[in-house]
Amino acid sequence: MSQPKFLSGDKAGIDEFLDRFDVFLFDCDGVLWSGDHMFDKVPETLEMLRSKGKRLVFVTNNSTKSRADYKKKFDKLGIPAEVDEVFGSSYSAAVYIARILKLPAPKNKVFVMGESGIEQELEAEGVPYIGGTDPALRRDIEPEDFTNIANGSLLDPDVAIVLSGLDFHMNYLKTAIGFQYLQRGAKYLATNIDSTLPMAHSFFPGAGASGAGLEKAAGQTPVSFGKPSQAMMDAIEGKFKLNRSRTCMIGDRLNTDIQFGIDGKLGGTLAVLTGVSKKEEFLAEGAKTVPSAYVNAIGDLLG
Ligand SMILES: O=C(O)[C@H](O)[C@H](O)COP(=O)(O)O
Ligand SMILES: [Mg+2]
């Protein structure tokens, strides 16, 4: 496998690389920002790409925010972007449930193990849900709950799907309820299963970690609709009418972003070293996932 091209400081190399693509799929956490701290020259870099006639799509696995929430975050950070340019894992999962799975009502309800972003996107797609940010579930399990969960009186008979995402409020009660739904035959889906979350210039448990208790108990792995899932790539191709050979995925994580672009047979992938993955991982002899090129930070694309 050929070595990736290092583009930081290489103006000619950057120009040649950018000229190969019409569309850039931008990962968010670890590329544009770490939490609410935006990396240097992000607005200027996006502006430069738009001035070259490039189309941008923001493809994030972070399911805690909806596309509308992301638009607010972009605006707050002064990053030029439209809500229709955002394609998050919550939206990806909600579109799949509503338009592909299309379970017949009333047995089409979703038990959400995650934050408001998932609830908003399910709502927008007309998919009924319970759980999520419901304050009634943010409590310790009580002795009588075990009986009421086991006999079904604490469960909703219309729940057909358990949807797991990054959950900052996971607890035993929600995991026990999700487990019982799976025991009763509910489908097990996830917005994404990233192991870690880049935040505050450090790392924290990610969506895959917050859902690990249920996965371990159920002995099942959820079907994930975040990167590197090609269901997400197909949905993005359909919505934005992509020419995959003229599309580049830009991301900080090898096993989600770069794998997503490689498996999607995109024209190229660009790794950015401000997030999860380190260059040693893809420069190593025999590395499984190798980007086409890489930069220290996204602002380096300004040359
Ligand atoms: O644990 C997670 O959910 C992920 O770390 C996080 O959301 C990644 O977001 P992305 O880098 O895809 O924007
Ligand atoms: Mg990222």
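Residues numbered from 1 in each chain as written. Chains lettered and ligands numbered in written order. Predicted model: local features only at pLDDT ≥ 70, side-chain atom pairs only at ≥ 80, totals over all residues. Heavy atoms only, no water.

- Looking up the protein chain in an unreviewed UniProt entry gives the name 4-nitrophenylphosphatase, with the organism given as Paraconiothyrium brasiliense.
- In its Catalytic activity (unreviewed entry) section, the UniProt entry covering the protein chain states "4-nitrophenyl phosphate + H2O = 4-nitrophenol + phosphate + H(+)". (UniProt positions renumbered as here; feature names shortened; annotations may be inferred.)

Let's talk about the coordination of the magnesium ion (ligand 2)
- Bound to the magnesium ion (ligand 2) are the protein donor atoms Asp27 (OD), Asp29 (O) and Asp252 (OD), situated 2.0 to 2.1 Å from the metal.
- In terms of primary sequence, the donors binding the magnesium ion (ligand 2) are separated according to D-x1-D-x222-D. Residue aspartate 29 is found in the loop between strand E2 (23-26) and strand E3 (33-34), and its partner aspartate 252 is found in the loop between strand E14 (247-251) and helix H11 (254-263); the two are separated by 223 residues along the sequence. Here aspartate 29 matches aspartate 252 in class, with each residue buried. (Donors = N, O, S within 2.8 Å, 3.2 Å for Na, K, Ca; no water. Helix = DSSP H or I, 4+ residues; strand = E, 2+ residues; numbered from the N terminus. Buried < 20%, exposed > 50% of the residue type's maximum accessible area, 1.4 Å probe, protein only.)

A look at the pairing of strand E10 (residues 187-190)
- Pairing geometry for strand E9 (residues 159-164) and E10, over 4 bridges, is parallel. Across the sheet, residue leucine 163 finds its bridge partner in E10, namely leucine 189.
- Running through helix H7 (residues 172-183), the crossover from E9 to the neighbouring parallel element E10 is right-handed.
- As judged from the 2 bridges shared by E10 and strand E13 (residues 223-224), these two strands associate in the parallel manner. Residue pairing in the sheet places alanine 190 in a bridge with serine 224 of E13. (Pairing = 2+ DSSP bridges. Right-handed = clockwise from strand over helix to strand, strands pointing away.)

So, the pairing of strand E12 (residues 202-205)
- Pairing of strand E11 (residues 196-199) with E12, which is carried by 4 bridges, proceeds in the antiparallel orientation. Paired with methionine 199 across the two strands is serine 202, which belongs to E12.
- In this antiparallel pair of consecutive strands, E11 and E12, the connection spans 2 residues, and alanine 200 shows a positive phi of 50 degrees.

Considering empty space enclosed by the protein
- Under the counting rule described, the total for this entry stands at 2 cavities of 30 Å³ or more.
- What the largest cavity holds in volume is close to 180 Å³.
- Surrounding the largest cavity, 19 residues form its lining, Asp29, Asn61, Asp194, Thr196 and Pro198 being those nearest its centre.
- Of all the elements in the fold, those that place two or more residues in the lining of the largest cavity are E11 and H11.
- Counting residues per element, the lining of the largest cavity draws most heavily on E11, at 3 residues.
- In terms of residue class, the lining of the largest cavity is built from 5 nonpolar, 7 polar and 7 charged.
- Ser164, Tyr188, Ala190, Asn192, Ile193, Ala207, Gly208, Gly211, Ala212, Glu215 and Pro222 are the residues that line the second largest cavity.
- Of all the secondary structure elements, the ones that give two or more residues to the lining of the second largest cavity are E10, helix H8 (207-210) and helix H9 (212-218).
- Grouping the amino acids of the lining of the second largest cavity by side-chain chemistry returns 6 nonpolar, 4 polar and 1 charged. (1 Å grid on protein atoms, 1.4 Å probe; cavity = no way out; pocket = protein on both sides within 12 Å on 5 of 7 lines; lining within 4 Å. Points joined across faces, edges and corners; volume = space filled by probe spheres on them. Nonpolar A, V, L, I, M, F, W, Y, C, P; charged D, E, K, R; others polar.)

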